[in-house]
Each structure stands twice: as structure tokens, then as C-alpha cells.
Amino acid sequence: MRIAVYPGSFDPVTLGHMDVIARAAELFDRVYICTMVNGGKSPLFTTEQRFEMLCAAVEALPNVTAELWTGLLADYARERGAGWLVKGARSGTDFDSEFAMAQINRSLDAGLDTVLLPARAELLHLSSTMVREMIKYGRPLEPYVPAEAIRLMKGWGSDGKP
Ligand code: PNS
């Protein structure tokens, strides 16, 4: 069984993330999406909100499971029996940082390799940072965020709409 982990902070989940998730779900038998804390960022949504949006967005994908994890990614992958980490890359800058993280994760677990999926051209501009800006200025989120996540944001009153 080929098991992969797709980690991220998902603040919030975007259609770019969903594209990587759908492609990973085709490549692997089982994909665990790991909602994590990125020590370098202060999130807009709470960990529980980020996780809830992700769970709603992947509910229809039968071989995909979203979970929360606060420890090292390599430890989570080992617990789930995963041999691969999946990451999306939109640019050379993404590639450089993912390349460095891949080395660190392999040094933590020699059996853990990283698969980088290049972003589709039409999604290259899309990032959670950009979505947070759209929320700040009350712009429509439909072109960037899965509908299930928008529905939850509206319920929390945090979709940026007055
Ligand atoms: O969506 P993000 O914010 O780019 O995701 C970054 C994330 C959470 C995947 C990265 O910060 C991470 O792997 N954190 C877990 C801690 C860890 O395992 N660090 C060692 C590998 S660099």
C-alpha cells in the first residue's frame, strides 16, 4: 500500500491545495492531510477552524483523511506508515525551500521521500496569503477557496463580508 502525507498550515485551504490533494489521491492508495502549525507564520484562522475547513473540503475523496498534528512531520508520517511526503511547488523559491525541507525530513527518517508536484499554470498565483488579503478587503472568495470552506467561514462571520 502506497501511503503519502500532504502537510500544510491551510490558513485557509485553497483551490491550489485541492488540486495537489486530488493529484496525490490519484498517485497514492491513501493520502493523509496533516494540518500543522507553521512556526514562522501567525495564522488568521484557529487550528480547529483550519482543520474543520479542510475536513469539509476533502469529505468526498474516499482515500483522503485530514488530521491534526502538533509534532514533527516525520514522526506523523512514521505513525501513519507513510513512505512519501507530497508538496506543491509554484516557483523556484518554493522549490528551494521544499528541497531543503526534503533533506531534513529524510535525515529524520531515511525511508521518507518527498514528491514535489508543480502547480498548474492557472493556479500559480494562488496562495493562502492572497486569500487572506481578499478576506481583509471583503472580496469574493469563490475563485480561490473550496465552497465547503466558504460555507464554514460565512457561518463564523469570517469571510470578510460586512
Ligand atoms: O502550508 P505551509 O505553512 O507552507 O506548511 C509548512 C509546514 C507546516 C508543512 C512546515 O512548517 C512543517 O513541516 N512543519 C512541521 C515541523 C517539522 O516537521 N519541521 C521539520 C521539517 S522542516
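One can find the structure itself at the top, above this paragraph.
Residues numbered from 1 in each chain as written. Predicted model: local features only at pLDDT ≥ 70, side-chain atom pairs only at ≥ 80, totals over all residues. Heavy atoms only, no water.

Trainee: Can you walk me through the pattern of salt bridges in this structure?
Mentor: Opposite charge on two side chains permits pairing when their charged atoms draw close. Under the defined criterion, the tally for this structure stands at ten salt bridges. A salt bridge links Asp-75 to Arg-78, with the shortest nitrogen-to-oxygen separation between them at 3.3 Å. Of this pair, Asp-75 and Arg-78 both sit in helix α3 (residues 73-79), three residues apart, which is roughly one turn of that helix. By relative accessible area, Arg-78 is classed as partly exposed at 46%. Lys-154 is the salt-bridge partner of Glu-142, the closest N and O atoms lying 3.9 Å from each other. Pair noted here: Glu-142 is in the loop between α5 (128-136) and α6 (147-156) and Lys-154 is in helix α6, with a separation of twelve residues, a long-range link. By relative accessible area, Glu-142 is classed as partly exposed at 47%. Here the salt bridges share partners, and the residues they tie into one network are Asp-19, Arg-23 and Arg-120. (Salt bridge = Lys/Arg side-chain N within 4 Å of Asp/Glu carboxyl O. Helix = DSSP H or I, 4+ residues; strand = E, 2+ residues; numbered from the N terminus. Buried < 20%, exposed > 50% of the residue type's maximum accessible area, 1.4 Å probe, protein only.)

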